[in-house]
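# Commentary on secondary and tertiary structure
Now for the letters of each chain:
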Amino acid sequence: MRTPKVYRGRTAAAVSLTAVLALTATACGDDGSGGSGSEGSGKGEITLWDNNTGERREIWSQIIKDFEKQNPDIRVKYVGIPIDQVQQKYDTAIDGGGLPDVGGVGTAYLSNLVVRDVLEPVGDRIDASGLKGKLVPVMVDGVKSAGGRGDEMYSVPTSSNNGTLWYRTDLFAQADLAAPTSWTTFYAAAQKLTAAGKNQFGYTMRGGSGSIAPAMDAMYGQSGITSFWNGDKTTVNDPRNVAALEKYVALYKKVTPSADVNNDFIKMVAQWDNSSIGMLTHNLASYQDHVKALGRDKFKGLPYPTREDGSRVQVSNPVDGLGLFKNSENKAAAWKLIEFAASHKSNSAWNESAGSIPANTDAANDSWVRKAEPTAAAMKALGDGTTKIVNLPYYLPDWNTISKSGNEPNFQKVLLGDMSAKDFADKIAKELNDAQAEWKEQNKT
């Protein structure tokens, strides 16, 4: 069997962290893949790795405190990991030993852990717990898809983000425009709000780092195609998606600033917050930035626009979750922590702190969700079945390369008119089809 490309070239990066990890990691087994651990006594110490300690240390401290009060025979050792080091730390621990009992696991790298057989399936545990029927279905589907093993789940979803169309309510009111709830009203507003000579633009788009996912949102959102695959071939270069991409990129420099071609999300958000620009597509994470820059009364956020028939299609956002590691010697205690953290009260508090969408459906009516209108609208759209999610193939080892460094420069070429939308889509489609064929061969599916 060939080695998945995701592992090639990682060794040097992993080795560079070995000394640090040896000091911070707490071994629950001899290595990442050996043995299947045990249920244990349900008491004693377990280790939790937080996959975004920069933003979540404080809320995890409170959840752990509440958990230990309810479970006095269990102690949780917290290990905080910066978000940009998580994948490397897991890789190094798998190769050298020291995986935790419980760890934060996002769908963007879930398949890596599943392929290396270090995560415990959790579907049966969920069904036998208070979490059964209490997890947002589209997040469950996202976890299943990212794991690449059919209907089995290898993490318990805790939160997700959502693509959001932010718009300046003050500028819309001045122009006598209704909210941009559909793609038709979006394009009309982008045109009407533009006065390039006055440095006023209807829209700002992401042309630099991270540009592929929002471009795909614009493609699938307009075309209405609801599946990323048609058999073994991707739908990325379906003529309907190509036509949608052509319409979207035609906005560049006509109703957007020319700087957009190089903008990552930080520059794009800052530009929107500090300029007279009508609309921005970004996720919920930028909400507090907008509040600080504009106040709460000058903008609103909506789920991505609908098609003319009222249907809404968008590509999947990564789902964060908690994984139970296979070599844990105290899975019973580890599962108690996961179930507690994903329960209504803890999950709601965690997501209020993180500014994300709770995975626990009981949190939908909590006061903070109702007050945060964009979050409430996103949770409603994801939870009531009105939004169709196109699950991106996070399970493919080459997905991150194809959707980032491998094609972001080409998207810039499309914006600048140096590459056609069709050629761009065809190139990505070929790479995806090859990656899918390789993955299926490796997994014999």
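Right above here is the structure, for reference.
Heads up: these notes are all about the structure in this document. This structure is a prediction, so every number in the text was calculated from the model and none was measured.

A complete count under the given rule lists six cavities of 30 Å³ or more for this structure. There is about 90 Å³ of room inside the largest cavity. When residues in the lining of the largest cavity are grouped by element, the largest group, three residues, is from helix H7 (residues 137-147). Here the lining of the largest cavity is built from residues that sort into five nonpolar, eight polar and no charged. Quantified by volume, the second largest cavity comes out at close to 70 Å³. Taken together, Asp50, Asn51, Arg56, Trp60, Gly104, Thr158, Asp320, Gly321, Leu322, Ala341, Asn347 and Trp350 form the lining of the second largest cavity.

Tallied over the full model, the rule gives 20 aromatic pairs. Among the aromatic residues, those joined into a ring-pair cluster are Trp183, Phe186, Tyr187, Tyr203 and Tyr248. We note Lys247 situated over the ring of Tyr187; from NZ or CZ to the ring centre the distance is 4.5 Å.

When you tally the buried positions in strand E1 (residues 44-50), you get five out of seven residues, the bulk of the element. Alignment of E1 against strand E2 (residues 74-80), held across seven bridges, turns out to be parallel. Within E2, the position partnered with Thr47 by the bridge is Lys77. The parallel pair E1 and E2, bridged by helix H3 (residues 53-70), forms a crossover whose chirality is right-handed. Inspection of the sheet shows E1 paired to strand E3 (residues 102-106) by two bridges, in the parallel sense. Residue Leu48 lies in a different strand from E3, and its bridge partner there is Val102.

Before going further, it helps to examine the pairing of E3. Judged by how many residues are buried, E3 sits mostly within the fold: five of five residues are covered. Here E3 shows two buried faces, one formed by Val102, Gly104 and Gly106 and the other by Gly103 and Val105.

Turning our attention to the sheet that holds E3. Ordered by their spatial adjacency, six strands build an open sheet running E2-E1-E3-E12-E4-E13, and the pairing between neighbours is mixed. On the outer flanks of this sheet lie E2 and strand E13 (357-358), each paired with one strand and no other. Taken together, the five bridges between E3 and strand E12 (residues 319-324) define a ladder with antiparallel strand orientation. Looking at E12, one finds that Val102 is bridged to Leu324.

Thresholds applied
Residues numbered from 1 in each chain as written. Predicted model: local features only at pLDDT ≥ 70, side-chain atom pairs only at ≥ 80, totals over all residues. Heavy atoms only, no water. 1 Å grid on protein atoms, 1.4 Å probe; cavity = no way out; pocket = protein on both sides within 12 Å on 5 of 7 lines; lining within 4 Å. Points joined across faces, edges and corners; volume = space filled by probe spheres on them. Helix = DSSP H or I, 4+ residues; strand = E, 2+ residues; numbered from the N terminus. Nonpolar A, V, L, I, M, F, W, Y, C, P; charged D, E, K, R; others polar. Phe/Tyr/Trp six-rings, centres within 6.5 Å; stacked < 30°, edge-to-face > 60°. Lys NZ or Arg CZ within 6 Å of the ring centre and 35° of its normal. Buried < 20%, exposed > 50% of the residue type's maximum accessible area, 1.4 Å probe, protein only. Pairing = 2+ DSSP bridges. Right-handed = clockwise from strand over helix to strand, strands pointing away.

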